[in-house]
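# Commentary on secondary and tertiary structure
Listed below, chain by chain, are the residues.
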Amino acid sequence: MSVVDIHTHVYPPSYISLLRSRTTVPYIYSSPSSPIHRLIILPSDDDASLPPSLRGRPVGPEYWDISHKLRFMDIHGIDKSVISLANPWLDFLSPREGAKWAREINNEVNEIAEKSQGRLYGFATLPLSAPVEDIVAEIERLKTLSYIRGVVMGTTGLGKGMDDETLDLVFAALERESQLIFLHPHYGLPSSVYGPRATEYGHVLPLALGFPLETTVAVTRMLLSGVWDRFKRLNVLLAHSGGTLPFLAGRIESCVRHDSFLKKTGKIENRRDVWDVLKNNVYLDAVIYSHVGLKAAIGASTSDRIMFGTDHPFFPPLEESETAWPSVNTNYTAIKNSLENSEDETAVLGMNAMRVLNLT
Ligand code: 5CU
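Throughout, residues of each chain are indexed from 1 in the direction in which the sequence is written. Where totals are concerned, whole chains, interfaces and linings use all residues; where local detail is concerned, this predicted model gives features only for residues with pLDDT of at least 70, and gives and counts side-chain atom pairs only at 80 or more. As a rule here, side-chain values cover all heavy atoms of the structure and leave hydrogens and water aside.

For clarity, the threshold we go by: UniProt positions are given in the numbering used here, feature names are shortened, and annotations may be inferred rather than shown by experiment.
Going by what an unreviewed UniProt entry lists, the protein is known as Uracil-5-carboxylate decarboxylase and is assigned to Patellaria atrata CBS 101060. Check the Sequence similarities (unreviewed entry) section of the UniProt entry for the protein; it says "Belongs to the metallo-dependent hydrolases superfamily."

And the structure:
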């Protein structure tokens, strides 16, 4: 049996240098007088009311040094990992810089994988702030990078979200090149929804609620704008078991069917419904930390569309002495407790990823 981790991040060394060179989000804060290095990536991380040593999170070589990734894989019984640049990818770059950085990062990820003797593959990153022709050119170049198995993407698309029709050129290229999208959140919800006491609660509100809702909104907008009616073979792997999509799919479908505005505009006719898309175009990771959520994901989709993930290097143990990560073991347990037979368990742990991502 192979265990494959399809949700595992890296900031390659060149990206780390970029973060270190910046002083606005995203950046790495380091103090010349102390060993503090903090990763400030989320919009809410850059909170001037907190001392820098409490902003964001600590960052160390586990974010960029591949030997840490391989050790983590060994400790947790993971045979192969499909690494992706972590958020916020290249979203913040100027249109002029994006394409150059995408080429550099994608070459770097491919080289890391190439040297790993079959243990690593990668998702590429798109220069989404660059002109659409540059994005399409990068998608077309990916076939020359033999360890790339799709693209990781945030939910802002080209700046207007995933239902922006300008994205059609990108979706068309991805579909034509058979590159799957790994859709991942970063921006969460507007900070006002977390209330005036949000800073007292660490990252819990943006990560536990903001991330999953961001993904759910993005996918629902794709559905409503007919992305999968136009691109029937466009495949999307959703982070965190689809946010709240599996749980809310029925409600989304019912709201569409009962919307008189949509009926008048004719948008309800001949559309593919949520269930059809969930069972034919969507894959879900198993990064949900409970059999309750995972059973919803399996029910909404099918067990042959769910894939194990860890979110490494995020969610490390809070005690440095712990070598096995409780976040990973919770997901292993959720898989065990959600599936009825060992064949399905083997599929979720690795065989689905081997098949879908064509890993050898
Ligand atoms: O802990 C976090 O902030 C994150 C993050 O930023 N990205 C991610 O993939 N997981 C956790």
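## Let's talk about the site of the ligand
The line we're drawing: For this purpose, a residue is taken to be near a molecule or strand whenever a single non-hydrogen atom of the residue falls within 4 Å of it. What qualifies as a polar contact is a pair of N or O atoms within 3.5 Å, subject to a donor-acceptor requirement within protein and to the restriction that residues adjacent in sequence count only when both atoms come from side chains. Residue exposure ignores everything except the shown protein chains as possible cover, and the areas themselves are Shrake-Rupley values with a 1.4 Å probe. The residue classification treats Ala, Val, Leu, Ile, Met, Phe, Trp, Tyr, Cys and Pro as nonpolar and Asp, Glu, Lys and Arg as charged. All others, Gly included, are polar.
Near the ligand, the surroundings consist of His9, Ile41, Leu42, Arg57, Asn87, His184, Leu207, Phe211, Asp311, Phe314 and Phe315. Here asparagine 87 contributes a side-chain N or O atom positioned 2.8 Å from a nitrogen atom of the ligand. A distance of 2.9 Å separates an oxygen atom of the ligand from a polar atom in the side chain of histidine 184. Protein chains bury 98% of the 270 Å² of accessible surface belonging to the ligand in isolation. By residue class, the composition of the shell around the ligand is six nonpolar, three polar and two charged.

## A word on the pairing of strand β5 (residues 80–85)
For clarity, the threshold we go by: Here the term buried applies to any residue with accessible area under 20% of the maximum for its type, exposed to any over 50%, and partly exposed to those in between, with areas from a 1.4 Å probe on protein chains only. Here a helix means four or more residues in a row that DSSP labels H or I, a strand means two or more in a row labelled E, and each is numbered from the N terminus. For two strands to pair, DSSP has to find at least two bridges joining them. Note on handedness: a clockwise path from strand one over the helix to strand two, with the strands aimed away from the viewer, defines a right-handed crossover.
Burial analysis of β5 places six of its six residues in the buried class, which makes it a mostly covered element. Both faces of β5 are covered, namely the face carrying Lys80, Val82 and Ser84 and the face carrying Ser81, Ile83 and Leu85. When strand β1 (residues 4–10) meets β5, the two strands line up parallel, connected through five bridges. The residue bridging aspartate 5 from the neighbouring strand is serine 81, located in β5. Pairing analysis gives three bridges linking β5 to strand β6 (residues 120–125), with the strands arranged parallel. Bridging from a neighbouring strand, isoleucine 83 pairs with glycine 122 of β6. Viewed along the sheet, the connection from β5 through helix α3 (residues 95–114) into β6 turns out right-handed.

## Side note on the nonpolar core
Short version of the rule: Note on terminology: a nonpolar core comprises buried Ala, Val, Leu, Ile, Met, Phe, Trp, Tyr and Cys residues joined through side-chain atoms within 4.5 Å. Whether two residues are in contact is decided by their heavy atoms, any of which lying within 4.5 Å being enough.
One finds Tyr11, Phe171, Ile181 and Leu183 to be the most contacted residues of the largest nonpolar core, which totals 102 residues. Sequence-distant contacts of leucine 183, that is, excluding residues within four places in its chain, are made with Met153, Gly154, Thr155, Met162, Ala218, Val219, Met222, Val236, Leu237, Leu238 and Ala239.

## Points about unusual backbone geometry
That bond from valine 25 to proline 26 is cis: its omega, 0°, falls within 30 degrees of zero. Each neighbour pair has its own omega, and for asparagine 87 with proline 88 the value is 5°, a cis peptide bond. Position of proline 88 among the secondary structure elements: in the loop between β5 and α3. Phi is positive for tryptophan 89, close to 50°, though the residue is something other than glycine.

## A few points about helix α6 (residues 204–224)
Where we set the bar: A helix is expected to reach a length of 1.5 Å times the quantity of its residues less one. Working definition for bend: take the seven residues up to and ending at a residue and the seven starting at it, fit an axis to each, and measure the angle between the axes.
For α6, with 21 residues, the first-to-last C-alpha span of 30 Å sits near the 30 Å given by 1.5 Å per residue. The largest bend along α6 measures about 35° and falls at glycine 210, with the proline proline 212 one to four residues further on. Downstream of α6 by a residue or two, glycine 226 has a phi angle that is positive, lying close to 80°.

## Side note on the packing of aromatic side chains
Keep this limit in mind: Stacked, tilted and edge-to-face pairs are distinguished by plane angle, under 30 degrees for stacked and over 60 for edge-to-face with tilted covering the rest, among Phe, Tyr and Trp rings (Trp via its six-membered ring) whose centres lie within 6.5 Å.
Applying the stated criterion across every chain yields a total of ten aromatic pairs. Ring centres of tyrosine 11 and tyrosine 15 lie 5.3 Å apart, and the angle between their planes is 5°; on these two criteria the pair is classed as stacked. Like tyrosine 11, the residue tyrosine 15 is buried in the burial classification. Taking 4.7 Å as the distance between ring centres and 20° as the angle between the ring planes, the aromatic pair formed by phenylalanine 308 and tyrosine 332 counts as stacked.

## Some thoughts on the sheet that holds strand β11 (residues 306–307)
Reading across the sheet, the eight strands line up as β1-β5-β6-β7-β8-β9-β10-β11 and stay open at both edges, with parallel pairing between neighbours. Since the sheet does not close on itself, it has two edges, and those belong to β1 and β11, each with one partner. Looking at chain direction, strand β8 (residues 181–183) and strand β9 (residues 236–238) are connected through three bridges and run parallel. Residue phenylalanine 182 lies in a different strand from β9, and its bridge partner there is leucine 237.

## Considerations on the side chain of glutamate 108
As a reminder of what qualifies: Under the counting rule used here, the positive set is Lys and Arg, the negative set is Asp and Glu, and His together with the chain ends is not counted. Each salt bridge in this description consists of a side-chain nitrogen of Lys or Arg and a carboxyl oxygen of Asp or Glu lying within 4 Å of one another.
The residue glutamate 108 is located in helix α3 in this model. The side chain of glutamate 108 is buried and forms no salt bridge, while lysine 115, the nearest opposite charge, is found at 9.2 Å.

## Side note on the pairing of β6
Burial analysis of β6 places six of its six residues in the buried class, which makes it a mostly covered element. The alternating pattern of β6 places Leu120, Gly122 and Ala124 and Tyr121, Phe123 and Thr125 on opposite faces, both of which are buried. Two strands pair when backbone bridges link them, and β6 and strand β7 (residues 148–153) are joined in this way by three bridges, in the parallel orientation. By the bridge assignment, glycine 122 is partnered in β7 with isoleucine 148. The β-α-β motif built from β6, the intervening helix α4 (residues 132–141) and the parallel element β7 has right-handed crossover chirality.

## A short note on the pattern of salt bridges
Two side chains with opposite charge may pair up if their charged atoms get near one another. This structure, assessed with the given rule, holds 13 salt bridges. Glutamate 200 serves as the salt-bridge partner of arginine 197, at 2.8 Å between the closest nitrogen and oxygen. Here glutamate 200 falls in the partly exposed class, since its relative accessible area comes to 48%. A salt bridge links glutamate 253 to arginine 257; its shortest N-O distance comes to 3.2 Å. You can see glutamate 253 and its partner arginine 257 sitting in helix α8 (residues 245–257), four residues apart, about one turn around the helix. The class of glutamate 253 is buried, set by a relative accessible area of 3%. Via salt bridges that share partners, Glu253, Arg257, Arg271 and Asp273 belong to a single interconnected network.

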